[in-house]
Every structure is written in C-alpha cells, then in structure tokens.
Amino acid sequence: MGKYTIQVATGDSLLAGSSNLVQLWLVGEHGEADLGKQLRPLRKGNTELEIDVPVHLGRLLLVKMRKHKGLLDSDWFCKWVTVQGPGTQGEVYFPCYSWVQSNETLCLAEGSALKVNDDTQSLFRKYREQEMEDRRKVYRWGSWKEGLILPIAGNTQWDLPRNQRFMEDKDFDFSLSLAKVLKEFAIKGTLDFVSRVRNLEDYKRTFPCGKTALAERVRDSWREDALFGYQFLNGANPMLLRRSKSLPGRLVLPPEMKDLQSQLEKELQAGSLFEADFSLLDGVKPNIIIFKQQYVAAPLVMLKLEPDGSLSPMLIQLQPPRHGCSPPLLFLPSDPPMAWLLAKIWVRSSDFQLHQLQSHLLRGHLMAEVISVATMRSLPSLHPIYKLLIPHFRYTMEINILARNNLVSEWGIFDLVVSTGSGGHVDILQRATACLTYRSFCPPDDLADRGLLDVKSSLYAQDALRLWEIISRYVERMVELFYKSDTDVKDDPELQVWCREITEVGLLGGQERGFPLSLESRAQLCRFVTMCIFTCTAQHASNHLGQLDWYAWIPNGPCTMRKPPPTSKDVTEKDIVDALPTLQQARMQMTFTKFLGRRQPVMVALGHHKEEYFSGPEPRAVLKQFQEELAVMDKEIEVRNAGLDLPYEYLRPSVVENSVTI
C-alpha cells in the first residue's frame with residue numbers, strides 16, 4: 001500500500017507514440033495491482049504518473065501493460081518503465097524497447113539479469129515459460145533453399161514480428177535511397193541499351209559521382225599486379241587467401257616450366273608462397289542473360305609475399321585440369337600484357353561471386369540471422385546472454401528478407417546481371433555451407449589455419465584479431481558477473497537449449513563442422529558468444545564496407561563474363577571488352593553496389609547502442625570499458641592509416657555497425 005511514481009518512456013521516432021489508452025499493472029511478490037487505463041503515450045519523451053495503490057505488493061517483480069483499441073489504432077513503442085514506491089528500495093528499471101500492439105499484454109521484468117537457477121523462489125518461472133511460449137509462436141524457423149542454413153519464417157517483411165521491422169527513419173532512408181538510384185538507372189540505363197563499350201575507358205560512364213578516394217585509385221591503378229595482390233590481403237573479400245602448405249594438386253606445370261616449378265618450391269620452403277583457390281566455382285552452371293550465355297571460371301592464383309609485405313601474383317590457372325583433356329593454360333606476369341590482364345579480370349570476376357555469396361551473404365547475413373532467430377526462440381529477456389546479444393540483431397531479419405526477395409530471388413539482381421544467377425548462386429551457397437566450420441568464424445583460429453597471423457601487411461588480419469580480443473574481453477567481463485563457475489554454465493538449461501538451437505537446428509547439424517552442441521565452461525561460453533557478436537558486427541563489416549571502393553570500377557570486379565575463359569594468349573583489348581559486362585549490365589551492377597555499399601546515415605557503431613537492457617552499475621561499467629577500448633583502437637587505426645598509401649578502414653570500430661542492417 002502507498003504511493004507509486006511511474007515513469008514511462010516512449011521511443012524517439014515520429015511514429016512511436018499512440019493515441020490509444022494503455023492499461024498498467026504492478027506485480028509484486030505478494031500481489032498485483034491494476035492501475036487502469038492511466039496512460040495515453042501520444043509523443044516521444046517521458047510520461048510520469050503518481051498513483052495510490054491500496055494493495056501491499058512487497059518486492060516489485062513485473063510491470064504489465066496492455067494497449068487497448070480505439071477508433072484509430074496505432075502501435076506504441078515503449079523504451080522503458082521506472083517505478084518508485086513502497087518496497088522498491090529506490091527507482092526500479094524495467095527495460096522494454098518493444099512495440100506494444102493492440103490487446104496484447106506485455107510483461108516487463110526488472111532489468112537485473114537472472115538465470116533460471118538464480119530464481120530460487122521460482123518468482124519468474126511462469127513469466128519465463130510464457131514469454132518463450134509466445135516467442136516461439138512468432139519466431140519460427142523457415143526454409144529458403146534446401147541444404148542452406150535456416151532463415152526466419154516469412155515471405156515478406158510484413159510477415160516478421162513487429163520488433164524486427166525497420167523503424168521509420170531506417171525505412172524512409174532505405175526506400176528513398178533505393179528510389180533515387182532506380183530513377184538514376186532508369187534515365188542513364190535506357191541510353192546504355194543502345195551504347196556499346198568500345199574500349200576499357202568507356203566504363204568511366206558508369207563510374208559513380210559519389211566515388212571514394214580509394215575507388216579512384218582502383219580505377220587508375222587496377223592493371224597493376226601490386227593492387228591485384230593487395231586485394232587478397234585487404235580488399236572487399238579477405239577471406240580466401242591462405243599460405244600454401246604444398247603445391248596444389250590441381251596445378252599441372254608443363255615440362256618447359258621447370259624454372260617456375262623451382263621458383264614455386266623455393267617460395268614454398270621459405271613460407272612465402274600463398275594461394276587463392278576458387279575451386280568452389282568449378283562446375284557451377286552459368287547464367288543466361290537476355291538469351292545470351294554467360295560464363296564462370298574456377299581460377300587458382302599463386303602469389304609470392306615480397307620482403308616489403310606486398311603480394312605479387314606468380315601464375316593464374318583459370319580452370320582445374322580435366323581428365324582426358326590437355327592441361328589448362330597457365331598465365332604468367334611475363335605473358336603479353338592483354339593476356340595477363342584478361343586472366344586477372346577473370347580472377348576478379350570469380351572473386352566477386354564468392355565474395356557476394358559465400359563471404360558476405362552466407363557468412364555475414366545468413367549466419368547472423370541464425371544466431372538472432374535462435375536467441376529469440378531460446379533465451380528469455382531476463383537472461384544475461386539475451387541482454388548481451390539483443391543489440392546486435394537490430395534490423396537483420398528484415399534486411400535478409402529483402403535480400404532474398406530482391407537480390408537472390410527468381411528475377412532478382414543476380415538473375416538479371418550476375419554470371420552465377422538463375423540457380424548457380426544457390427549451388428554456390430549450398431557448397432559453401434559445407435565450409436561453415438566453427439574455426440573459420442573465430443579469427444584466431446581462422447587466421448592461424450590460413451597462415452596469416454604473422455603477415456604484417458594483412459591489415460584485415462591485424463584488425464580482426466585485435467577487435468576479436470576487445471570483444472572477447474567485453475564478453476568475459478560480462479559473463480563473470482553472472483557465471484561464477486563452470487558449473488553455473490553447465491547447469492543453465494536455457495543456455496544449453498540456445499546453443500543446441502543454433503548448432504543443431506539453425507546450422508543443420510553444425511556439430512559436424514565443429515560448432516558446440518553444449519557449453520561446458522565459462523571459457524567455452526565466452527568464445528561462443530564472442531563468435532556471435534563478431535559475426536554480427538566486425539565480420540560482416542569487413543565484407544560489406546569495401547564494395548563501393550573495389551567494385552565502382554567495373555573491370556576490377558565484373559559481375560559477369562560474356563565470353564569463355566581464353567584458351568590462347570593472343571588477346572586484344574577488344575577481346576577483353578567483349579568478355580566484360582555490357583554497359584547496361586555494368587550500370588545495374590554499379591547502381592546496386594552504390595546503393596548497398598554506401599555509408600548508412602541511420603547507423604549505430606559497435607558497442608554504442610542506446611538501449612539499456614541491463615540495470616545496475618556493474619554491467620554499465622563493463623560496457624563503458626568496452627567503448628573505451630574501441631575508442632583507443634579507432635584512434636590508433638586513424639594514426640596508422642595516415643601513414644599508409646592505401647588506408648584500411650573496414651574494421652575501424654567507429655565504422656563497424658552494431659548489427660547487420662544493410
């Protein structure tokens with residue numbers, strides 16, 4: 001009994017408020033009080049209520065709210081509720097950050113994280129069970145293509161739970177920017193149908209006005225071997241390069257190339273021989289675009305790490321050897337310039353395919369979706385790991401549905417202009433799924449396996465390893481607040497269900513590829529959670545942010561090739577132009593690269609989410625320390641990049657987004 005002061009915070013967006021009345025309840029350990037329809041959250045900001053409660057509630061456990069329908073029905077976005085009164089021992093914080101929809105009763109628990117075993121009096125057991133039962137009804141696993149890791153159920157963004165949809169600022173920016181680039185494409189693309197590319201300089205017509213300094217450098221220097229090699233270290237797709245442990249079995253050297261054989265073996269013994277093998281593309285059925293056959297290759301590139309840290313290509317084999325056929329042609333830097341250039345263009349086109357499908361879509365977008373759906377299905381909002389992870393799922397489900405419906409769908413962008421469209425892209429994704437090992441998602445293991453830990457010129461490797469360590473320390477400090485021993489981890493049934501949901505269900509038996517089925521220690525839990533956060537943030541950023549820089553100049557990353565790989569070294573500029581995309585194809589590639597690769601105005605940097613899911617000073621102190629360590633890394637990268645000819649920005653914490661949103 002007594003007077004309670006209640007503050008309710010409405011979201012900051014224009015449409016967060018509602019004209020409907022909201023009914024409130026306070027639930028304590030000794031009873032429940034219906035406060036009636038006291039609240040009409042019309043606008044953003046805080047609403048304060050002072051209410052006399054005739055019931056003795058005791059310790060306050062929950063705030064319940066229900067928005068009633070009116071003549072005009074609009075959803076309300078609630079950020080949080082605080083309550084102060086008898087038995088609260090100060091102000092009690094109830095995080096929400098959810099849409100409240102009509103005739104839906106929403107229960108908010110106080111912001112202190114609580115494992116199920118910590119609830120010795122079972123005060124929250126019924127609440128946890130009901131929350132998970134309700135969540136599993138709306139967060140259901142779907143199926144997109146056979147053999148691929150699972151997505152959220154739903155065919156359009158309208159099928160998603162309201163909390164996973166874009167807020168209006170993101171929705172407005174996405175829609176307006178898309179309309180703008182489509183309008184530009186409609187105007188300029190019409191002329192491209194009747195224009196022909198006569199020489200490589202003609203691709204300047206599609207070079208974007210909003211170009212970056214690095215994009216200009218690529219346009220001017222793309223023919224250089226040094227820039228070709230650099231991209232394997234620090235380009236749009238740094239995930240393919242690995243140090244050679246032996247000469248690849250597919251590499252067949254003719255007898256007259258004994259000197260090259262000796263050179264390769266010398267570099268191999270010195271530990272300076274590297275390779276990029278695109279065998280995943282071998283046998284992929286190429287697209288047919290406007291009744292014209294397109295072509296796909298599966299190159300092998302052998303490269304030498306120079307003393308100055310640069311990576312020089314030594315040879316290119318465009319296709320694996322075939323039984324009963326002559327050994328495939330090998331292209332060398334000493335070949336006629338146009339033949340060598342065409343071989344490098346084939347490699348860049350193949351890299352475009354694997355970058356967009358394997359590294360970016362599968363390992364970034366789809367993997368983040370598995371983690372987010374499994375978390376929503378398995379961990380209640382009271383759970384500390386839920387509170388730790390939830391900021392890293394913002395907008396991921398909607399952007400992935402948009403990608404499935406517009407980029408890799410039937411008659412989507414891949415079908416229209418990409419050589420692996422019309423089914424080849426699905427084949428690649430299915431093959432790449434078999435490569436989704438747990439070690440490959442953990443940079444310390446991945447970089448060790450690929451022999452890149454000691455390559456100082458791999459700025460991606462340096463920054464990825466450092467960012468992983470910062471995230472890992474953040475996770476460890478947070479986990480230590482709630483798990484005092486390995487036994488606490490093993491005995492947390494919700495945590496074990498969550499781990500199994502990711503590995504066995506979402507990843508279709510990922511335990512066969514090293515993902516854990518259970519978590520037995522704090523160290524194992526910390527590594528798994530670090531992997532989740534790194535994947536949803538830094539790993540996606542490293543494969544997303546470079547698109548405009550490296551693909552603005554179309555010959556450096558052509559989406560398709562219109563002629564088969566060369567079988568002769570008698571190559572002219574016309575042969576190259578005839579193999580590259582048409583001007584209209586180039587324009588469409590550039591349009592969507594510019595749209596998806598632009599810096600996002602509605603962006604939350606890693607670790608700087610405004611939502612507070614934890615209450616209490618200790619978790620806030622851990623987050624603050626995380627932010628401080630990120631700021632130090634950010635400044636040091638800024639200083640480093642100032643002295644570099646080619647700055648590497650993609651893992652700078654201030655540009656790494658806190659979730660997969662584009």
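Everything numeric here is computed off the predicted structure, so don't read it as measured data.

Basis of the calculations
- Residues numbered from 1 in each chain as written.
- Predicted model: local features only at pLDDT ≥ 70, side-chain atom pairs only at ≥ 80, totals over all residues.
- Heavy atoms only, no water.
- Helix = DSSP H or I, 4+ residues; strand = E, 2+ residues; numbered from the N terminus.
- Buried < 20%, exposed > 50% of the residue type's maximum accessible area, 1.4 Å probe, protein only.
- Contact = heavy atoms within 4.5 Å.
- UniProt positions renumbered as here; feature names shortened; annotations may be inferred.
- Pairing = 2+ DSSP bridges.
- Axes fitted to C-alpha atoms, helices over the stretch in contact; angles between N-to-C directions.
- Lys, Arg positive; Asp, Glu negative; His and termini not counted.
- Salt bridge = Lys/Arg side-chain N within 4 Å of Asp/Glu carboxyl O.
- Polar contact = N/O pair within 3.5 Å; in protein donor to acceptor, adjacent residues only side chain to side chain.

**Q** Describe the environment of Leu280, and please don't skip the residues or the numbers.
**A** Relative to the helices and strands, Leu280 is located in the loop between strand 10 (273–277) and strand 11 (288–289). Among the residues examined, Leu280 registers a relative accessible area of 18% and is labelled buried. As for Leu280 and Pro299, which are separated by 19 residues in sequence, their C-alpha atoms are 9.6 Å apart. Beyond its immediate sequence surroundings of up to four residues, Leu280 is in contact with Leu354, Gln358, Ile428, Arg431, Ala432 and Cys435.

**Q** Just give me the short version of the UniProt feature "binding site: Fe cation" (unreviewed entry) in the protein, but keep the residues and values in it.
**A** As recorded in UniProt, the sites labelled "binding site: Fe cation" (unreviewed entry) are His360, His365, His540 and Ile662. Of the residues just listed, which span 303 residues, no C-alpha pair is farther apart than 10.9 Å, and they cluster in one region. Its location among the elements puts His365 in helix 6 (residues 337–378). If we ignore the near neighbours within four places in the chain, the residues touching His365 are His360, Thr396, Ile399, Asn400, His540, Val660 and Ile662. As for its placement among the helices and strands, His540 is situated in helix 15 (residues 522–544).

**Q** For the sheet that holds strand 13 (residues 300–305), give the residues involved together with the corresponding values.
**A** Pairing in this open sheet of 5 strands is antiparallel, and the strands run 9-10-13-14-15 from one edge to the other. Edge positions in the sheet fall to strand 9 (242–243) and strand 15 (330–331), since each of these pairs with one other strand and no more. Each of strand 10, strand 13 and strand 14 (311–317) is contacted by helix 4 (residues 225–234), which is oriented at about 90 degrees to strand 14, the strand it contacts most. Together, strand 10, strand 13 and strand 14 form the strand contacts of helix 5 (residues 258–270), whose direction differs from that of strand 14 by roughly 135 degrees.

**Q** Report on the sheet that holds strand 2 (residues 22–28), specifying residues and quantitative values.
**A** Strand pairing in a sheet relies on backbone hydrogen bonds, with the paired strands running either antiparallel or parallel. Spatial ordering of the open sheet is given by 3-2-5-8, a layout of 4 strands whose pairing is antiparallel. A single partner strand is all that each edge strand has here, and the edge strands are strand 3 (31–39) and strand 8 (105–109). Ignoring which end each strand starts from, the neighbouring axes of this sheet average 20 degrees apart. Examined bridge by bridge, strand 2 and strand 3 share 7 bridges and lie antiparallel to one another. Looking across to strand 3, one finds that Leu24 is bridged to Gly36.

**Q** Please set out the side chain of Arg513 residue by residue, giving values where relevant.
**A** Along the polypeptide, Arg513 turns up in the loop between helix 14 (493–506) and helix 15. Despite being buried, Arg513 has no salt bridge partner; Glu512 is the closest side chain of opposite charge, sitting 5.4 Å away. Polar side-chain contacts of Arg513 include one of 3.1 Å to the backbone oxygen of Leu436. Excluding anything up to four places from it in sequence, Arg513 contacts Thr433, Ala434, Leu436, Thr437, Tyr438, Leu507 and Leu508.

**Q** Mind laying out the pattern of salt bridges, listing which residues take part and the relevant values?
**A** Considering all chains together, one arrives at 39 salt bridges under this definition. Asp118 is paired through a salt bridge with Lys115; the nearest N and O atoms lie 3.0 Å apart. Owing to a relative accessible area of 5%, Lys115 belongs among the buried residues under this scheme. Between Asp225 and Lys344 there is a salt bridge whose closest N-O contact spans 2.7 Å. Here Lys344 lies in helix 6 and Asp225 lies in helix 4, a separation of 119 residues in the sequence. Overall, the relative accessible area of 4% leaves Lys344 in the buried class. One connected set of salt bridges, linked through shared partners, spans Asp634, Lys635, Glu638, Glu649 and Arg652.

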